[in-house]
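Breakdown of the fold
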Amino acid sequence: FAGPALGLWICGPLMSLIDTMVIGQTSSLQLAALGPGTVFCDYLCYIFMFLSVATSNMVATSLANKDEELAQHQVSTLLFIALTFGIGMFLFTKIFGVQVLTAFTGSKNHEIISAANTYAQIRGFAWPAVLVGLVAQSASLGMKDAWGPLKALAAASVINGVGDIFLCSVCGYGIAGAAWATMVSQIVAAFMMMQNLNSRGFRAFSFTIPSTRELLQIFEIAAPVFVTMTSKVAFYALLTYSATSMGAITLAGHQVMVNILCMCTVWGEPLSQTAQSFMPEMIYGANRNLMKVSYV
């Protein structure tokens, strides 16, 4: 289970690294613009990892108790929440994108702001699909299915890579081409995630408005993760912000190195996901193992 799950965690940083590699061959200025652009598109996405943790935990616990109807209801509820957040982030990007990037980059870096905004605005179309796909992926992992999501993200990585090379290197669209390739690949991945849920007998395109009690339950599970991920995002965003003040060339170099760093920091996540998927059965399931051990 952890082997395919490793592929899931690598695919995300790999897409950003592909963008960086292709853009880096064409323009150092656009490579620098990828810094604030990816902060806006990718780093903010990590804040919503609380949806992933809540989904895996709740679905795994319900299936451990042999309650598939409850699992379906929880998936539908979390899909609705993800869609709501996704639409909200899409609107936030459209309305406040330039202001946020200007505050982050500095008003003097007009060319970087323009390129970063182009990248963020195109990527913004995928926000609903990204968050819905995140919940669908986590639901599959809660069912102990790592291969289905891996196939979806592997296909998305291929689409992203081919699209980057064609749109950026062949057609000459630069950072806009990279954004279109990534956006399309994310939408395809989300659709494949939903189809994988359907193939396992779940109604993936069913959305249910959560009650107040259900929102509180999700909050209890997700709040610590939200605080942790927000702290990490703030730290890495601060690094990029500091690099921005040192000029375009330094920012471009920082973008290359931070993507390589991200590829190296996800290797422990599959073990975390394995615990989230398997431990609920041991704690709450019919075959739970709660034997107490006495130490003398």
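Just so we're clear, the structure is a prediction, and the values are computed from it rather than from any experiment.

1. Here's the deal with the pattern of salt bridges
The tally for this structure, following the rule as stated, stands at two salt bridges. Between Arg123 and Asp42 there is a salt bridge; the shortest N-O distance is 2.6 Å. One end of the pair, Arg123, is in helix H5 (residues 110-124); the other, Asp42, is in helix H2 (residues 28-47), and 81 residues separate them in sequence. You'll find Arg123 and Asp42 in the same group, each marked buried. Here Asp145 makes a salt bridge to Arg200, at a shortest N to O gap of 3.8 Å. Here Asp145, found in the loop between helix H6 (127-142) and helix H7 (147-170), pairs with Arg200, found in the loop between helix H8 (174-199) and helix H9 (212-244); they are 55 residues apart in sequence, far enough to count as distant.

2. Here we look at the side chain of Asp42
By relative accessible area, Asp42 is classed as buried at 15%. Look past the residues within four positions of Asp42 in its chain and what remains in contact with it is Ser16 and Arg123.

3. Observations regarding the packing of helix H3 (residues 49-64) against H6
Two measures define how a pair of helices packs: the angle their axes make with one another and the distance between the axes. Contact geometry for H3 and H6: axes closest at 8 Å, N-to-C directions at 35°. Between H3 and H6 the crossing geometry is right-handed. From H3, Met49, Leu51, Ser52, Thr55, Ser56, Val59, Ala60 and Leu63 reach across to H6, where they touch Leu134, Val135, Ser138, Ala139, Leu141 and Gly142. Of the residues that constitute the contact of H3 with H6, the class distribution is nine nonpolar, five polar and no charged.

4. A look at the UniProt feature "transmembrane region" (unreviewed entry) in the protein chain
According to UniProt, the feature "transmembrane region" (unreviewed entry) maps to residues 6-24, 31-55, 75-104, 125-143 and 245-268 in the numbering used here. In the segment residues 75-104, helix accounts for 100% and strand for 0%; the C-alpha atoms at its two ends are 36 Å apart. As annotated, residues 245-268 has a helix share of 71% and a strand share of 0%, and its two end C-alpha atoms lie 32 Å apart.

5. Considerations on helix H1 (residues 2-24)
Here H1 contains 23 residues, and its C-alpha end-to-end distance of 33 Å stays within 8% of the 33 Å for a straight helix at 1.5 Å per residue. Most pronounced at Cys11, the bend in H1 amounts to some 30°, and the proline Pro13 follows within four residues. Burial of H1 is extensive: 17 of the 23 residues sit out of reach of the surface.

6. Some points on the nonpolar core
Of all hydrophobic cores here, the largest spans 52 residues; its most connected members are Phe48, Leu51, Val75, Leu78, Leu131 and Leu197. Counting only elements with at least two residues in this core, the list comes to H1, H3, helix H4 (68-105), H6, H7, H8 and H9. Counting residues per element, this core draws most heavily on H6, which supplies nine residues. Leaving out residues up to four positions away in the same chain, Leu131 has contacts with Cys45, Phe48, Ala82, Phe85 and Gly86. In terms of nonpolar packing, the next biggest core, distinct from the first, is built from 24 residues, Tyr119, Cys168, Ala179 and Ala252 among them.

Basis of the calculations
Residues numbered from 1 in each chain as written. Predicted model: local features only at pLDDT ≥ 70, side-chain atom pairs only at ≥ 80, totals over all residues. Heavy atoms only, no water. Salt bridge = Lys/Arg side-chain N within 4 Å of Asp/Glu carboxyl O. Helix = DSSP H or I, 4+ residues; strand = E, 2+ residues; numbered from the N terminus. Buried < 20%, exposed > 50% of the residue type's maximum accessible area, 1.4 Å probe, protein only. Contact = heavy atoms within 4.5 Å. Axes fitted to C-alpha atoms, helices over the stretch in contact; angles between N-to-C directions. Left-handed = near helix turned anticlockwise from the far one by under 90°. Nonpolar A, V, L, I, M, F, W, Y, C, P; charged D, E, K, R; others polar. UniProt positions renumbered as here; feature names shortened; annotations may be inferred. Expected span 1.5 Å × (residues − 1). Bend = angle between axes of the 7 residues up to and from the residue. Core = buried A, V, L, I, M, F, W, Y, C linked by side-chain atoms within 4.5 Å.

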